[in-house]
Structures are given as C-alpha cells and as structure tokens.
Amino acid sequence: MSKNDNKGTAVITGASSGIGAVYADRLAGQGYDLVLVARRADRLGELAEKLRHAYSRKVSVIAADLSDDDDVRRVEKAISADESVTLLVNNAGLGGQAVVATADADAAERMIKVNVVALTRLTRAVLPGLLARNRGGIVNIASVLAFDTSFGGIYSGTKAYVVNFTEALHREVAGTGVRVQAVLPGATRTDFWGLSGSDIDQLPKEIIMTADDMVDAALVGLARGEAVTVPALADTGKLDTFLGARQAFYGSLHADKPAARYAA
C-alpha cells in the first residue's frame, strides 16, 4: 500500500503522543487521512503538520478533553457526520494506581469517563456509518491489566470493560465488512506512566515494550482479523485456552436451584 492510496479517514483519540502518535504515523503511511483527537492542541498541531509533510495526507485535529461531556459530544457530532471515516482507534485513556478507599472521587470519575464512556459513545457514533458502508474497523486499546487488579481496581475495571465490550462488538459485526479489535498492551514506554504517577523504570527492562513495536504488532493483528491482540504474547494458544476456559466456566453458572454447597 503506497502512501498515495487512500483508505478513508482514521480517527485516533489520545493522538498527541505515545501510542496514539505512533498509530497516526503508521496509518498515514498506510494511506489513511487522519482526524487526531487529544487535549493538547499545540502538540496535535505539530504532529498534524509533520504527518502532512511526510505522507501528503489530509490531517485535521480536534482539541478535546474526553472527560468533558460537551467535548465528547462535539467529537461525536464531527465523526458521525464524516462519511469518509473508515477506522476509529479509541486510544485515549487515563491511568492510576489508587485504591478505592483513598482514590479521589473526581479523578476516578474522569478515568471512567475517558476509558469507558467516551470510548463507548465514539464507537456508537461511527458504527452505524461503518455498517452502512460495510467497511472499516474499530480498534479499542485495553490493557493486560484487564486480567489483573494489581494496578488498582478502578483502572483495571475500566480496561476489563473495554475487553468485554469489544468482544461483544466483534460478535455483533460478524459477517459484515467491519472489523473490531481489542488490543491489550503490557508495559509500554510512553508518558502515560508519568501522567498516572508511576515510574515505568521500576519495572524489569525485559518486559517494557516500545510504543512503535506495540503498534506495529497490533496492526499486524488487525490485518489478520484478530478480535483480541496481545502484542507480548508468544503463544496464542494460551489466549485460546484462557478464553475457552472462561466460556466453559460461564456455562456452569446457570441452574434452577442453588448449588448444594449453599444448602442451609
């Protein structure tokens, strides 16, 4: 795919740095025009100009705080009306290790609004158009911490939502020309860690991936039609085993009477 081929428009949230900025670079290189969404207008503008020069693509920006209801609705309106949109990358996210008892309630609400509410609303904004045109895709950036609460129940809870939401969405669009993918990064070197009050250098170097490598792997997974992509996972059979065991477990959760162990 040369940079002169046009694959439609990719909307990328959290695009001003880190994983989002890498997605912007790679997708522009694949032939997408871009709509970049993030809070930092100055950094968005710099990135947009760089990508226009490098790839000769149309790049527009929307400065928006996705924890703000009005800003989310402004982005929704813009992208739902844009018939050129063929890909949505819900990358914007907030993190933090706070336990519930000491968490700042307003900060927790902002995290849920960005990680869950905005992701859901923006997906809902573009999905009808994608289905009507029978093409395109939605990429939701989750986290391996969707399966581990050690980083704090609020953050891991939001990412568990993203995984469940995306798996269900994948089933919903089955048989259409629309692809849906959940991406579960592990520790990835971006400014996300500093912004969430954590130091990534406290982790072993051998488990820290670059944003470039993470995104490149995720894009391979998207091209292969993976519903769930875990860039660090060497043995995909482990994911199949996990998902299969979860489904089998679910099948044992229904009965017309309580289990005998709950008998009075």
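Please refer to the structure higher up on the page.
All figures in this text were calculated on a predicted structure; none of them were measured in a lab.

**Student:** Go over the pattern of salt bridges with me, naming the residues and quoting the values.
**Tutor:** Considering all chains together, one arrives at ten salt bridges under this definition. Across the pair Arg 26 and Asp 212 runs a salt bridge, and its minimum N-O distance is 2.9 Å. One end of the pair, Arg 26, is in helix 1 (residues 18-30); the other, Asp 212, is in helix 7 (residues 211-223), and 186 residues separate them in sequence. On the basis of relative accessible area, Asp 212 is assigned to the partly exposed category, the value being 36%. For Arg 246, the salt bridge identified is with Glu 167, shortest N-O distance 2.8 Å. In this pair, Arg 246 sits in helix 8 (residues 236-251) while Glu 167 sits in helix 5 (residues 153-172), placing the two residues 79 residues apart along the sequence. For Arg 246, a relative accessible area of 31% puts it in the partly exposed group. Judged by relative accessible area, which is 12%, Glu 167 ranks as buried.

**Student:** Talk me through the pairing of strand 1 (residues 9-13); I want residue IDs and the actual numbers.
**Tutor:** Consecutive side chains of a regular strand alternate in pointing toward one face of the sheet and then the other. Burial runs high along strand 1: five of the five residues are buried. Residue alternation in strand 1 divides its side chains into two sets, Thr 9, Val 11 and Thr 13 and Ala 10 and Ile 12, and both sets are buried. Where strand 1 lies against strand 2 (residues 33-38), five bridges are found, and the strand directions are parallel. Looking across to strand 2, one finds that Thr 13 is bridged to Val 37.

**Student:** For helix 3 (residues 69-80), give the residues involved together with the corresponding values.
**Tutor:** Between its first and last C-alpha atoms helix 3 spans 16 Å; for twelve residues at 1.5 Å apiece the expected length is 16 Å, and the two agree. Check the buried side of helix 3 and you find it contacts strand 1, strand 2, strand 3 (59-63), strand 4 (85-90) and helix 4 (105-133). Backbone nitrogen of Asp 70 and a side-chain oxygen of the N-cap are separated by 3.1 Å at the start of helix 3; the cap is Asp 68.

**Student:** Lay out helix 7 with the relevant residues and their values.
**Tutor:** When the terminal C-alpha atoms of helix 7 are compared, their 18 Å separation across 13 residues agrees well with the 18 Å that a helix rising 1.5 Å per residue should span. When we look at burial in helix 7, the residues that qualify are Ala 211, Met 214, Val 215, Ala 218, Leu 219, Gly 221 and Leu 222. Angular distribution of buried residues about the axis of helix 7 spans 155°; they occupy a single face of the element. Just beyond helix 7, the residue with positive phi is Gly 225, at close to 80°.

**Student:** How would you explain the packing of helix 3 against helix 4 if you had to name every residue and give the values?
**Tutor:** At their nearest, the axes of helix 3 and helix 4 sit 9 Å apart, and the two run at 25° to each other. The angle between helix 3 and helix 4 falls in the class roughly parallel. Like other packed secondary-structure pairs, helix 3 and helix 4 cross with a definite hand, here right-handed. Contacts from Asp 69, Val 72, Arg 73, Val 75, Glu 76, Ile 79 and Ser 80 in helix 3 reach Lys 113, Ala 118, Arg 121, Leu 122, Ala 125 and Val 126 in helix 4. Its residues assigned to classes, the contact of helix 3 with helix 4 comprises seven nonpolar, one polar and five charged.

**Student:** Any details on the nonpolar core? Residues and values, ideally.
**Tutor:** In this structure, Val 37, Leu 66 and Val 75 are the most contacted members of the largest nonpolar core, which totals 35 residues. Those elements giving two or more residues to this core turn out to be strand 2, helix 3, strand 4, helix 4, helix 5 and strand 6 (178-183). Of all the elements, helix 4 adds the most residues to this core, at eight residues. Beyond its immediate sequence surroundings of up to four residues, Leu 66 is in contact with Thr 13, Val 37, Val 72, Val 75, Ala 92, Lys 113, Val 114, Ala 118 and Leu 122. Grouped together as the second largest cluster of nonpolar side chains are 31 residues, Val 22, Ala 24, Val 59 and Leu 87 included.

Rules used in this analysis
- Residues numbered from 1 in each chain as written.
- Predicted model: local features only at pLDDT ≥ 70, side-chain atom pairs only at ≥ 80, totals over all residues.
- Heavy atoms only, no water.
- Salt bridge = Lys/Arg side-chain N within 4 Å of Asp/Glu carboxyl O.
- Helix = DSSP H or I, 4+ residues; strand = E, 2+ residues; numbered from the N terminus.
- Buried < 20%, exposed > 50% of the residue type's maximum accessible area, 1.4 Å probe, protein only.
- Pairing = 2+ DSSP bridges.
- Expected span 1.5 Å × (residues − 1).
- Contact = heavy atoms within 4.5 Å.
- Polar contact = N/O pair within 3.5 Å; in protein donor to acceptor, adjacent residues only side chain to side chain.
- Arc of directions from axis to C-beta.
- Axes fitted to C-alpha atoms, helices over the stretch in contact; angles between N-to-C directions.
- Parallel < 35°, antiparallel > 145°, perpendicular 65-115°, else oblique.
- Left-handed = near helix turned anticlockwise from the far one by under 90°.
- Nonpolar A, V, L, I, M, F, W, Y, C, P; charged D, E, K, R; others polar.
- Core = buried A, V, L, I, M, F, W, Y, C linked by side-chain atoms within 4.5 Å.

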